[in-house]
Amino acid sequence: MSYKIAVLKGDGIGPEVTDQALKVLLSAASKYGILFDFTEGLIGGIAYEKTLNPLPQETIDLCKKSDAVLLGAVGGPKWDKLPNEKRPEMGLLNIRKALGLYANIRPAVLIPALKKECPLKDEIVNNGINITVVRELTGGIYFSEKGKRQGEFGIEAYDTDKYNETEIRRIAKVAFKLASKKNKKLVSIDKANVLESSKLWRSVVEEVGKSFCDVNLSHMYVDNAAMQLVKNPSQFDVILTDNMFGDILSDEAAQITGSIGILPSASLGDGTLGLYEPIHGSAPDIAGKNVANPIASILSAAMMVRISLGLDDIAKSIENAVNISLEQGYRTQDLDKESYISCSKMGDIISQNVV
Ligand code: NAD
């Protein structure tokens, strides 16, 4: 069997960590007798440098012809002053939109070998952390009307937060289905005490919930959710939330599991094509130093083979290889400032542990 994978390494640490994921995939492919056909495409700042466009049409075409997309990260201070539509981050927002990927799945799991790295007290995490954050990805404040205008007190800037019931219904279904397969607890997070868009969100989620009687649905305001994540993270199973709240809460969920460098994500739509990427950014402060943690990228590759390619055995074997390497005591700099190995060495070790 051969699978076509579009590889968009992007900027900063994107290429370094993606290279390790490719190494691990090749190791798995040789052991399981399958082939990965990797084709690279441009996205982000590097795409702007080469084509003056953070998302060239060729990249969209490449992704559409592929079975799955593996992405590194985009962005960096070099491009911060560009007009919005040229910025690397637009490449990311637009590829999700172009591929119809509206559901971002971000698992935040406390790996037992990393319990010491968790910043929360032992008694808070004794029951473990295993949260799946389902974030709406193509609507809300990041995509609604925004602008600048002359106001009574000088220039004013505005962003609007808009959701329609179709957008809410489809993401709610994704979250209910996941919760139904997990521990059947879904917390929908909003700010319905203040925002109209959240009031609609809550009522549509309630309506969808009527078709998933096996799932226990509750609602929580986002400010309380931010607090509960550090106070009692074990209470969460699946979290459903909008684009901006999900952006913020999933980074918080990442940090309580040890490091932003270990958490993967999947962006999905209605078909099997998905885009898989670490939740972290391009980390310009450590880019090019071979010290980044490649585990988020490697676990994104595991999600990719499981969800888009249906190769559950290979996904498990990659996840096991990550766990074994951490149990063997290997750490990158973000996890242990005193005694650490490089990004590429971590990739080598995890590749060797794939069986
Ligand atoms: P960031 O995630 O890049 O970095 C935050 C901190 O975490 C930094 O100290 C960084 O060194 C550290 N970090 C991140 N990934 C790491 C890894 N794998 N190993 C070890 N340490 C790691 O977020 P930021 O600093 O807010 O943003 C930097 C750039 O990335 C910006 O241009 C931003 O727009 C972009 N960004 C891109 C994405 C994406 O491509 N999906 C997501 C977030 C931010």
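One can find the structure itself at the top, above this paragraph.
Quick caveat: nothing in here was measured; it's all calculated off a predicted structure.

So, on to the layout of surface pockets. Empty space within the largest pocket amounts to approximately 1,200 Å³. Lining the largest pocket are 32 residues, and of these I105, L178, M303, R306 and I307 lie nearest its centre. If you tally residues by element for the lining of the largest pocket, the top one is helix α6 (residues 165-181), at six residues. Classifying every residue of the lining of the largest pocket by side-chain character gives 17 nonpolar, seven polar and eight charged. Empty space within the second largest pocket amounts to approximately 650 Å³. Taken together, 24 residues line the second largest pocket, and the ones lying closest to its centre are E89, L92, L93, Y142 and D247. If you list the elements that add at least two residues to the lining of the second largest pocket, you get α4 (88-98), α9 (243-256) and β12 (274-278). Per-element tally for the lining of the second largest pocket: the top contributor is α4, with five residues. A per-class count over the lining of the second largest pocket returns 10 nonpolar, three polar and 11 charged.

Attention now moves to the nonpolar core. Formed by 85 residues in total, the largest nonpolar core has its most connected members in I5, L25, F36, L70, L240 and V305. Sequence-distant contacts of I5, defined by excluding residues within four places in its chain, comprise F36, D37, F38, T39, S66, A68, L70, M304 and L309. Within the second largest apolar cluster, 16 residues are counted, among which are I43, I60, V69 and I95.

What surrounds the ligand is a group of 20 residues, the closest being V74, E89, G281, A283 and D285. Contact distances for the ligand include 3.1 Å between an oxygen atom and a backbone N or O atom of S282. D285 has a polar side-chain atom sitting 2.9 Å from an oxygen atom of the ligand. Protein burial of the ligand: of its 800 Å² of free accessible surface, 68% is covered by the chains. When the residues that make up the shell around the ligand are grouped by side-chain class, the tally is nine nonpolar, seven polar and four charged.

This part is about the side chain of S308. Tracing the backbone shows S308 in the loop between α10 (295-307) and α11 (312-327). Polar contacts involving the side chain of S308 include one to the main-chain carbonyl oxygen of T272, which spans 2.7 Å. Excluding residues that lie within four positions of it along the chain, S308 makes contacts with D67, A68, T272, L273, G274, Y276 and M303.

This paragraph deals with the packing of aromatic side chains. Applying the stated criterion to the full structure yields four aromatic pairs. A ring pair is formed by Y163 and W201, whose centres lie 5.4 Å apart and whose planes are at 65°; its orientation type is edge-to-face. In this pair, Y163 sits in the loop between β7 (154-159) and α6 while W201 sits in helix α7 (residues 196-209), placing the two residues 38 residues apart along the sequence. Each member of the pair Y163 and W201 is classed as buried. Judged by centre distance (5.1 Å) and plane angle (15°), the ring pair of F176 and F212 falls under stacked. Taken together, the residues span a long stretch of sequence, with F176 in helix α6 and F212 in the loop between α7 and β9 (216-221) at a distance of 36 residues. According to the relative accessible area criterion, F176 is buried, its value standing at 0%. The class for F212 is buried, based on a relative accessible area of 15%. Aromatic ring contacts, followed pair by pair, group Y3, F36 and F38 into a single cluster. Positioned above the aromatic ring of Y158 is the side chain of R149, whose terminal nitrogen or guanidinium carbon lies 4.1 Å from the ring centre. R170 extends its terminal NZ or CZ atom over the ring of Y102, reaching a point 4.0 Å from the ring centre.

What follows concerns the environment of A172. Within the secondary structure layout, A172 lies in helix α6. Between the C-alpha atoms of A172 and V204, which are 32 residues apart in sequence, the distance is 8.2 Å. Excluding its chain neighbours within four sequence positions, the residues that come into contact with A172 are V205, V208 and L240.

Below, the discussion takes up the pairing of strand β11 (residues 264-268). β11 sits mainly inside the fold: five of its five residues count as buried. Side chains P264, A266 and L268 of β11 all project onto a buried face; the interleaved residues S265 and S267 project onto the opposite face, where all are buried too. Two strands pair when backbone bridges link them, and strand β4 (residues 103-109) and β11 are joined in this way by three bridges, in the antiparallel orientation. Across the sheet, N104 pairs through a bridge with S267, a residue of β11. With five bridges joining them, β11 and β12 adopt antiparallel strand pairing. When the bridges of β12 are listed, L268 appears paired with G274.

Reading the values: rules and limits
Residues numbered from 1 in each chain as written. Predicted model: local features only at pLDDT ≥ 70, side-chain atom pairs only at ≥ 80, totals over all residues. Heavy atoms only, no water. 1 Å grid on protein atoms, 1.4 Å probe; cavity = no way out; pocket = protein on both sides within 12 Å on 5 of 7 lines; lining within 4 Å. Points joined across faces, edges and corners; volume = space filled by probe spheres on them. Helix = DSSP H or I, 4+ residues; strand = E, 2+ residues; numbered from the N terminus. Nonpolar A, V, L, I, M, F, W, Y, C, P; charged D, E, K, R; others polar. Core = buried A, V, L, I, M, F, W, Y, C linked by side-chain atoms within 4.5 Å. Buried < 20%, exposed > 50% of the residue type's maximum accessible area, 1.4 Å probe, protein only. Contact = heavy atoms within 4.5 Å. Near = heavy atom within 4 Å. Polar contact = N/O pair within 3.5 Å; in protein donor to acceptor, adjacent residues only side chain to side chain. Areas by Shrake-Rupley, 256 points an atom, 1.4 Å probe, with all protein chains shown as cover. Phe/Tyr/Trp six-rings, centres within 6.5 Å; stacked < 30°, edge-to-face > 60°. Lys NZ or Arg CZ within 6 Å of the ring centre and 35° of its normal. Pairing = 2+ DSSP bridges.

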